[in-house]
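# Structure assessment
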Amino acid sequence: MAIQLKKAGIDDFVILEAAPAVGGVWRDNTYPGCACDVPSHLYSFSFERNPDWSRKYSPQPEILEYIQHCTDTYGLGPYLRFGVEITEAIYDETNARWQLLATDGRRFRCRFLVAGVGALRVPAIPAIKGASNFTGAAFHSAKWDPNFDLRGKRVAIIGTGASSIQLVPEIADKVAKLYLFQRTPPWILPRPDRPFRAAERSIFRQVPGADWLYRKLVYWQKESAAIAFIRFPKLLRLAALLARKHIQQSIADPELRRKVTPTYALGCKRILISNNYYPALARDNVEVITQGLAEFRSTSVITDDGRKIEVDAVIYGTGFALRNPLAPMTVIGRDGRDLSKLWRSTPKAYLGVTVPEFPNFFMLTGPNTGLGHSSMIFMIECHVHYVIRCLRHLLKHDLKTIEVRPEAMRRFNKRLEHKFGRTVWSTGCKSWYLNDEGHNFTLWPSYTWSFWLHTRRLRRRDYSLR
Ligand SMILES: Cc1cc2nc3c(=O)[nH]c(=O)nc-3n(C[C@H](O)[C@H](O)[C@H](O)COP(=O)(O)OP(=O)(O)OC[C@H]3O[C@@H](n4cnc5c(N)ncnc54)[C@H](O)[C@@H]3O)c2cc1C
């Protein structure tokens, strides 16, 4: 957003960042094995391609380095204010200004507010009886403790989502015993990862357009897979065959195979990719536990069926709280409207970017803009260009405020609902894509090029401009 504002000639802005450094999720998630699930040539900005990615799927340190590189290359230092966590954003209608309050009491006023707070930020920690009695180490994968030495320890990992399946193979051979608590097994496909050869990197660097072409190939490969998620979920049965074969090739024990084989449609929950997760589960010192975790005691955990397991550490691989994409920040719009209250049942927005009664307020990747099949950077870039378009329009016509019309948002959300009906995400499984009422408020139910089409121009009639 900052880079494109500068490119658009708008430099009267600040970036308020709670942490002491840039990097977002790639700064916060430092657990062993943390890496991207989208090929790096696509998981990077279209305007700042990197011919030197070391491998197809980059590890976390390399992505963090790339973000730092972008910050320096585009001279964002002077715009950054670190250690400023905004708790409250209140719209002052009289002056058409947003007033922001930070945790340390500092206040800011601005005409336009762009929330780029990310969706996967607040760790979700399940409420388990007796958790405070546990005397061993206990932390979430997103709060990795680099000083905690796992070697020779008995460790429980709760959850088998995207972070866990990256973490388990990295620590399985270091710990004395690993107990993996699995609620529902994920579908896992092989990860087509490998280092780039020196010759490939040299082609990306030296042949004009080579890395651009490669990026396009990856993009269209991902988009062609989307047809199965969005339109013809039955096609995903072919991928399920591949996933089953992957289990058979990696695990010999029929009981373990049974435990890790999902019973719901592939794609309904997030599909994960890994080559070393199943082999790690097959190790003698690893046990997959399908009973729930009922209670913590001072040095042990107790399963639903009463089994007591002595452990030295518990790692929560339980993902992130998603119910309100802006929480814990409170956003108050016109007439004291509180966005968290409006979103109590289901977070909704227009194109995931604007909400009625919240003038001059934009979200990057708000409700219904998440993806199950491609790069979030693509969606972020679409939103950024859309916000720039809105700002340019206001500045050009000397307008004070922009606010999406309620009927435009209703229409948009009705169309989304209709689209969901045909997707794999509506085939009946319970997933973190859905809220308790079964509404999918997280995903974009179509192709990413269709999102690009939706956001490539400002439909003035959908907005009230004052
Ligand atoms: C472990 C992990 C792996 C992922 N892998 C992939 C992947 O393979 N492919 C993919 O497409 N996506 C992936 N994602 C999703 C990822 O969230 C997005 O791709 C992308 O990083 C979002 O960028 P962002 O800048 O919008 O948000 P973030 O990276 O979350 O950054 C938001 C920033 O806002 C700051 N902030 C938040 N609230 C406040 C506040 N109130 N005041 C001040 N500052 C605030 C945060 O400190 C943070 O620095 C992954 C996420 C995680 C956690």
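Each chain has its residues counted from 1, running along the sequence as written. Local features are withheld for residues below a pLDDT of 70 in this predicted model, meaning they are given only at 70 or higher, and side-chain atom pairs are given and counted only at 80 or more; totals for whole chains, interfaces and linings count all residues. Note that water and hydrogens are dropped before the side-chain values are worked out from all heavy atoms of the structure.

The subject of this paragraph is the pairing of strand β16 (residues 313-316). A 1.4 Å probe rolled over the protein chains alone gives each residue an accessible area, and that area as a share of the maximum for its type sets the label: buried under 20%, exposed over 50%, partly exposed in between. Secondary structure is summarised from DSSP: a helix means a run of H or I of at least four residues, a strand means a run of E of at least two, and numbering begins at the N terminus for each. Neither face of β16 is open: one carries Ala313 and Ile315, the other Val314 and Tyr316, and all of them are buried. When DSSP finds at least two bridges between two strands, those strands are taken to pair. With four bridges connecting them, strand β7 (residues 137-140) and β16 associate as parallel partners. When the sheet's bridge partners are listed, Phe139 is paired in β16 with Ile315.

A cluster of nonpolar residues, Ile227, Phe232, Leu235, Leu238 and Leu241, forms a patch on the protein surface that exposes about 480 Å² of accessible area. The topology assignment puts Leu238 in helix α7 (residues 236-250). When its relative accessible area of 59% is taken as the criterion, Leu238 is described as exposed. Patches here: salt-bridge-free residues with over 30% relative accessible area, like charges joined within 9 Å, nonpolar side chains (Val, Leu, Ile, Met, Phe, Trp, Tyr) joined within 5 Å. Computed by Shrake-Rupley with a 1.4 Å probe, the accessible areas treat only the displayed protein chains as cover when residues are assessed. Whenever Lys or Arg places a side-chain nitrogen within 4 Å of a carboxyl oxygen from Asp or Glu, that contact is recorded as a salt bridge.

This part is about the packing of helix α11 (residues 376-396) against helix α13 (residues 448-455). Axis lines are fitted through C-alpha atoms, for helices just across the contact stretch, and the angle between N-to-C directions can take any value from 0 to 180 degrees. For the pair α11 and α13, the least separation of the axes is 9 Å and the interaxial angle reads 5°. In terms of orientation, α11 and α13 fall into the roughly parallel class. Residue-level inspection shows Phe378, Met379, Cys382, His383, Tyr386 and Arg389 of α11 in contact with α13, the latter providing Thr448, Trp449, Phe451, Trp452 and Thr455. Gly is placed with the polar residues, together with every amino acid not listed as nonpolar (Ala, Val, Leu, Ile, Met, Phe, Trp, Tyr, Cys and Pro) or charged (Asp, Glu, Lys and Arg). Looking at the contact of α11 with α13 residue by residue, the class counts come to seven nonpolar, three polar and one charged. With respect to orientation, any angle under 35 degrees is reported as roughly parallel, any angle over 145 as roughly antiparallel, any angle of 65 to 115 as roughly perpendicular, and every other angle as oblique. Two residues form a contact once any of their heavy atoms are found within 4.5 Å.

Here we take up the state of the cysteines. In this description, the term disulfide denotes a pair of cysteine sulfurs within 2.5 Å. As enumerated under the stated definition, the model contains one disulfide in all. With no disulfide partner, Cys110 has as its closest neighbouring cysteine sulfur the one in Cys390, 16 Å distant. Between Cys382, a cysteine without a disulfide, and Cys390, which holds the nearest cysteine sulfur, the sulfur-to-sulfur distance is 13 Å. Classification of Cys382 by relative accessible area gives buried; the value is 5%.

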